[in-house]
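Residues per chain are reported as follows:
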Amino acid sequence: MKIVHFAPIFHPRAGGGFKAVYALAKEQFHLSHEVYIFSFRHQMKEPIPYAEFDDVKTLYYDPIIKLSWPKVSFDMISELLNMKPDVVHFHGMMCREQSFLMLLALKICSSRSVTVWTAHGLHEHYETAKKFGLGYLGLITPLTIGMTIVDKVIALSPTDLDILTHMGVPRYKVCIIPNGVDWSYYSNPPPYSELHEVKEKYGLGDNTTALTVCVIRANKGLEYLMKAAHSLEKMKFVIVGEVGDREYFYKLLELRKKLKLNNLKFLGWVPDKDLRLLLFISDIFVLPSLSETLPLVVLEAMAAGKPIVATSVGGIPYLVRNGVNGILVPPRNHLALSSALKELSVNPERMAKMGEANRLLVMRRYTWRNIANKTISLYERLINRLK
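1. A look at the packing of aromatic side chains
Given two aromatic rings, their pairing is described by the distance between the two centres and the angle made by the two planes. Scanning all chains against the criterion turns up five aromatic pairs. Here Phe249 and Phe266 contribute two aromatic rings whose centre-to-centre distance is 5.2 Å and whose plane-to-plane angle is 85°, an arrangement assigned as edge-to-face. Of this pair, Phe249 sits in helix H11 (residues 246-259) while Phe266 sits in strand S10 (residues 264-268), and the two are 17 residues apart along the sequence. For Phe249, a relative accessible area of 14% corresponds to the buried category. With relative accessibility at 17%, the residue Phe266 sits in the buried group. Linked through ring pairs, Tyr185, Tyr186 and Phe280 together constitute an aromatic cluster.

2. Describing the environment of Asp206
Note on placement: Asp206 falls in the loop between helix H9 (192-202) and strand S8 (209-213). Judged by relative accessible area, which is 71%, Asp206 ranks as exposed. Sequence separation between Asp206 and Lys236 is 30 residues, and the spatial gap between their C-alpha atoms is 8.7 Å. Among the polar contacts made by the side chain of Asp206, one reaches the side chain of Lys199 at a distance of 3.1 Å.

3. Let's talk about the pattern of salt bridges
Within this structure, the stated rule accounts for eight salt bridges. The residue Arg369 makes a salt bridge to Glu27 at a minimum N-O spacing of 2.5 Å. Taken together, the positions of Arg369 in helix H17 (residues 368-386) and Glu27 in helix H1 (residues 16-30) put the pair 342 residues apart, joining distant regions of the chain. Salt-bridge contacts for Glu292 lead to Lys220; the nearest nitrogen and oxygen are separated by 2.7 Å.

4. A closer look at the nonpolar core
If you look at the biggest cluster of nonpolar residues, it comprises 90 residues, and the most contacted ones within it are Phe237, Val240, Leu278, Phe285, Val309 and Leu341. At eight residues, the largest contribution of residues to this core is made by H17. Discounting residues that sit within four places of it in the chain, Phe237 has contacts with Ala210, Leu225, Ala229, Leu232, Asn263, Leu264, Lys265 and Leu341. With 24 residues, the next largest nonpolar core counts Met83, Val88, Phe90 and Leu161 among its residues.

5. Some thoughts on the packing of helix H10 (residues 222-230) against H11
Two elements in contact, H10 and H11, have axes separated by 10 Å at closest approach and are oriented at 10°. Here H10 lies roughly parallel to H11, going by the angle between them. Together, Leu222, Glu223, Met226, Lys227 and His230 of H10 and Tyr248, Leu252, Leu255, Arg256 and Leu259 of H11 make up the contact between the two elements. For the contact of H10 with H11, the residue count by class is six nonpolar, one polar and three charged.

6. Overview of the side chain of Glu27
Given a relative accessible area of 12%, Glu27 falls into the buried group. Ignoring any residue separated from it by four or fewer positions in sequence, one finds Glu27 in contact with Trp368, Arg369 and Ala372.

7. Quick word on the sheet that holds strand S11 (residues 284-287)
Strand order in this open sheet of six strands is S10-S9-S8-S11-S12-S13, and the pairing throughout is parallel. Both edges of this open sheet fall to S10 and strand S13 (326-329), since each of them pairs with a single strand only. The mean angle between the axes of side-by-side strands here comes to 20°, regardless of whether they run parallel or antiparallel. Examined bridge by bridge, S8 and strand S9 (residues 236-240) share five bridges and lie parallel to one another. Within S9, the position partnered with Thr209 by the bridge is Lys236. Of the strands in this sheet, S8, S9, S10 and S11 touch H10, which is tilted by about 165° from S9.

8. Description of the sheet that holds strand S1 (residues 2-6)
The parallel open sheet is built from seven strands, whose spatial order is S3-S2-S1-S4-S5-S6-S7. In the strand order of this sheet, the two ends are held by strand S3 (57-61) and strand S7 (174-176), each with one partner. The sheet shows a mean angle of 25° between the axes of neighbouring strands, direction not considered. Here S1 pairs with strand S4 (residues 87-91) via four bridges, running parallel. Each residue of the ladder has a partner; that of Val4, found in S4, is Val88. Against the sheet, helix H2 (residues 74-83) contacts S1, strand S2 (34-40), S3 and S4, and its axis sits at roughly 165° relative to S2.

Rules used in this analysis
Residues numbered from 1 in each chain as written. Predicted model: local features only at pLDDT ≥ 70, side-chain atom pairs only at ≥ 80, totals over all residues. Heavy atoms only, no water. Phe/Tyr/Trp six-rings, centres within 6.5 Å; stacked < 30°, edge-to-face > 60°. Helix = DSSP H or I, 4+ residues; strand = E, 2+ residues; numbered from the N terminus. Buried < 20%, exposed > 50% of the residue type's maximum accessible area, 1.4 Å probe, protein only. Polar contact = N/O pair within 3.5 Å; in protein donor to acceptor, adjacent residues only side chain to side chain. Salt bridge = Lys/Arg side-chain N within 4 Å of Asp/Glu carboxyl O. Core = buried A, V, L, I, M, F, W, Y, C linked by side-chain atoms within 4.5 Å. Contact = heavy atoms within 4.5 Å. Axes fitted to C-alpha atoms, helices over the stretch in contact; angles between N-to-C directions. Parallel < 35°, antiparallel > 145°, perpendicular 65-115°, else oblique. Nonpolar A, V, L, I, M, F, W, Y, C, P; charged D, E, K, R; others polar. Pairing = 2+ DSSP bridges.

Shown next as structure tokens:
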């Protein structure tokens, strides 16, 4: 099967969306399919060589107009038509990144390819629309049009399914396939020497460590984590991730100074190798987000055997059962966050039990091989309908 993944933003610092597209494409290649990734060149500071993406062929194109949106590339459309893929799988938000324009152009020019769209970040965009008093209306126009064209929509969680159906997307057009984890990357804990080395590299001590990984922007609720950290002086808090909103980040630095948080540090973006080690040396993974879809990094922390403390937003309750493999707290509540972290930090046996439950859950349900097989089965059903 010839598969093209279209991701408007595709580079290592683009967050969980990049990881999800790449991991799915790589797994499909290992299942003996011909797989390509198409993206726009101007989203990156400099092009990334193909070799960095193993055997998945990654092609970058210049959009006609180099603005944030709308974006379309005649060269990309021409290549798609010449290539005649069996499936074109779109990723991202149509209303923000204008995948919709590429989808529309492809459907006008060719009816041979099956089209699938994965709704990355849907819940976050819905929450943003609500801030402006729009709610579902903030997403309806481009998405509803897109849903009349695309063959199938993949929702990452039941929460996303609810949002889509409330917007008027027919239920039969939507299926749920979550993100996954490369189990081979987490199945065996790294040697002590590597763990010690990463501790030295980032200046981490032996205190109970709570790790947060996210692109730093307002919807991640990091100010509530910092207020919780203020009352947990014996714990170490480590925040990893690219700065997505500088103004918000500067406010966090001011808050850290005001609260005199000597037990919290920002590491910025780190390579995947270091992130894996940081996940293994941490004791608790914490995510205080105000909105989420189905965070890939929560699955990675689960694979590393860590208990999860997170807000009960978006698709997170789909992964975390309160009291079983983690603790869920209300968003914007630093007292509840502090209480949950303290409760786990003084109970190592409970942390270990939750961590083991998470590893088993990921191994059984959330490996990329399992997710790739489900996605391929979906493609095959759609292709058979066209015959």
